[in-house]
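The primary structure of each chain is shown beneath.
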Amino acid sequence: MKKFLLALVAILTLNSSFSQKVDKSKSELKSGSSSSSSGTRSNTSSSSRSSSDDYGLVGLFVEGFLFVSFYSTIGDYNSEEHLYNPLSKYPYFDGESGNFQNDNDSIEIGNIMRFDVENHFLYSSNKLLGNHLKAKIRPFQYFYLQADYRELLEKNLFTNQFSNLSLFQFNLAYDRIRFKKFNFGWTLGATYVANDVQKVGFSYGLNADAFIIKNISFNTAMLWCRINGLPVNSFELRGKYHKKNYFFSFGYEHLKIASPNYNFVTLGTGIYF
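Residues numbered from 1 in each chain as written. Predicted model: local features only at pLDDT ≥ 70, side-chain atom pairs only at ≥ 80, totals over all residues. Heavy atoms only, no water.

In this structure, Phe211 sits in strand β6 (residues 199-213). Along the sequence, Phe211 and Gly98 sit 113 residues apart, while their C-alpha atoms lie 5.9 Å from each other. For Phe211, the contacting residues outside a window of four places in its chain are Pro91, Tyr92, Gly98, Asn99, Lys180, Lys181, Phe182, Asn183, Ile216, Ser217 and His242. (Helix = DSSP H or I, 4+ residues; strand = E, 2+ residues; numbered from the N terminus. Contact = heavy atoms within 4.5 Å.)

Further remarks concern the side chain of Glu236. Tracing the backbone through its elements, the reader meets Glu236 in strand β8 (residues 230-243). In this structure the side chain of Glu236 is engaged in a polar contact, spanning 2.9 Å, whose partner is the side chain of Lys134. If near-sequence neighbours (up to four positions away) are discounted, Glu236 is found in contact with His132, Lys134, Asp148, Arg150, Asn219, Thr220, Ala221, Tyr252 and Glu253. (Polar contact = N/O pair within 3.5 Å; in protein donor to acceptor, adjacent residues only side chain to side chain.)

Residues Leu29, Leu152, Leu165, Val193, Ile257, Tyr262 and Phe264 are the most contacted members of the largest nonpolar core, which totals 18 residues. Mapped by element, the contributors of at least two residues to this core are α2 (21-31), β4 (162-178), β7 (216-227), β8, β9 (246-257) and β10 (261-272). Residues in contact with Leu165, not counting those within four places in the same chain, are Val22, Ser25, Lys26, Arg150, Glu151, Leu152, Val193, Asn195 and Ile257. (Core = buried A, V, L, I, M, F, W, Y, C linked by side-chain atoms within 4.5 Å. Buried < 20%, exposed > 50% of the residue type's maximum accessible area, 1.4 Å probe, protein only.)

Scanning all chains against the criterion turns up 17 aromatic pairs. Taking the centre distance of 6.1 Å and the plane angle of 50 degrees together, the rings of Tyr77 and Tyr142 count as tilted. On the criterion of sequence distance, the pair formed by Tyr77 in the loop between α6 (70-73) and β1 (114-125) and Tyr142 in the loop between β2 (128-138) and β3 (144-155) is long-range, its members being 65 residues apart. On the basis of relative accessible area, Tyr142 is assigned to the partly exposed category, the value being 28%. Here the aromatic rings of Phe168 and Tyr192 are separated by 6.3 Å at their centres, their planes lie at 40 degrees, and the arrangement is tilted. Highlighted residues: Phe168 in strand β4 and Tyr192 in strand β5 (residues 182-193), separated in sequence by 24 residues. Following the ring pairs from residue to residue traces out a cluster consisting of Tyr77, Tyr84, Phe140, Tyr142 and Phe143. (Phe/Tyr/Trp six-rings, centres within 6.5 Å; stacked < 30°, edge-to-face > 60°.)

Attention now moves to the confidence of the model for the protein chain. Averaged over every residue, the pLDDT of the protein chain is 85; residues scoring 70 or more account for 77%. Contacts of residues 3-18 to residues separated by more than four positions or lying in other chains number eight contacts, the stretch itself having pLDDT below 50. Between residues 35-48, whose pLDDT stays under 50, and residues either more than four places distant or in other chains, the model counts one contact. (pLDDT = per-residue confidence, 0-100.)

What follows concerns the pairing of β10. Residues Tyr262, Phe264, Thr266, Gly268, Gly270 and Tyr272 point to one face of β10 and are all buried, whereas Asn261, Asn263, Val265, Leu267, Thr269 and Ile271, pointing to the other face, are not buried. Two strands pair when backbone bridges link them, and β1 and β10 are joined in this way by eight bridges, in the antiparallel orientation. Within β10, the residue paired with Leu122 across the bridge is Thr266. In terms of strand pairing, β9 meets β10 through 11 bridges, oriented antiparallel. (Pairing = 2+ DSSP bridges.)

Our next topic: the side chain of Glu154. Following the sequence through the fold, Glu154 ends up in strand β3. One buried charged residue, Glu154, forms no salt bridge at all, with the nearest opposite charge on Lys127 at 4.1 Å. Here Lys21 takes part through its backbone nitrogen, which lies 3.0 Å from a polar atom of the side chain of Glu154. Ignoring any residue separated from it by four or fewer positions in sequence, one finds Glu154 in contact with Gln20, Lys21, Val22, Lys127, Leu128, Gln161, Phe162 and Ser163. (Lys, Arg positive; Asp, Glu negative; His and termini not counted. Salt bridge = Lys/Arg side-chain N within 4 Å of Asp/Glu carboxyl O.)

Another aspect to go through is the pairing of β1. Across 11 bridges, β1 lies against β2 in antiparallel orientation. Note that in β2 the partner of Val117 across the bridge is Ala135. Turn length for the β1-β2 hairpin, with the two strands adjacent in sequence and antiparallel, is two residues.

Turning to α2, a few remarks are in order. The periodicity of an α-helix, 3.6 residues per turn, causes residues three or four places apart in sequence to face the same way. Buried within α2 we find Val22, Ser25, Lys26, Glu28 and Leu29. When α2 is viewed along its axis, its buried side chains cluster within an angular range of 165 degrees and face the same direction. At the exit of α2 stands Gly32, carrying a positive phi of roughly 90 degrees. (Arc of directions from axis to C-beta.)

Turning our eyes to something else, we now look at the pattern of salt bridges. When the charged atoms of two side chains lie near each other, side chains of opposite charge can form a pair. Scanning the model with the defined rule gives 13 salt bridges in all. Notably, a salt bridge pairs Glu236 with Lys134, separated by 2.9 Å at the nearest N-O pair. Placement of Glu236 in strand β8 and of Lys134 in strand β2 is noted, with a sequence separation of 102 residues between them. Lys134 shares its class with Glu236; the two are buried.

As structure tokens, this is what we get:
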């Protein structure tokens with residue numbers, strides 16, 4: 001009997017060591033911050049580390065940026081000529097323009113509408129993989145709609161079973177700066193966690209693109225959200241090599257879904273219609 005109990009304890013301990021972050025994220029999001037806070041009260045240091053993982057200082061900056069004034073978020077169309085820069089057909093279509101071209105460029109006027117689609121494979125380890133599909137509908141240069149779909153898949157090495165988490169983000173995006181080589185803007189929208197969580201939260205973020213070297217660009221995006229009182233945040237940093245109306249990319253993504261953190265190397269491709 002004693003040997004049986006020892007074996008049972010060993011099995012449970014081993015199983016917990018292979019516990020999945022995906023399941024933990026879903027469980028915490030379903031139960032909410034009230035239950036998770038009881039487990040963190042006893043450890044104030046871990047709580048402080050968690051708050052730093054939430055990009056707290058940057059989040060405060062974002063809130064200030066979004067709500068401080070109309071000018072900082074929308075701009076002055078009477079004096080800022082770059083706000084009228086037309087949308088390009090695709091980055092480097094003329095060998096130098098990024099997402100926007102100068103309004104007085106004589107090459108070609110920008111598209112009335114553009115549709116961007118990209119897909120990235122996410123790799124963390126042999127047991128934790130994912131995929132990130134992103135689509136942007138740009139009816140003109142003034143704003144665009146963006147949808148992101150991430151699917152995370154994690155294998156439990158003890159049971160050989162798989163757990164998945166589906167994360168959807170829907171945003172209205174506005175580029176506050178629309179230069180030929182650089183654009184910077186904000187997003188407002190919603191984040192939805194599917195599966196057996198099925199909860200939604202308000203989200204906001206920042207994004208930027210820099211077109212420094214011919215045919216190469218760099219993109220970064222940050223998004224913050226709280227669902228059931230817990231963070232559902234994302235950070236992207238990506239380099240892209242452009243060839244005609246498509247590109248190849250290599251980068252990094254960080255996700256914080258409830259208390260677990262996820263770090264991925266990304267490899268992907270995209271196309272502009």
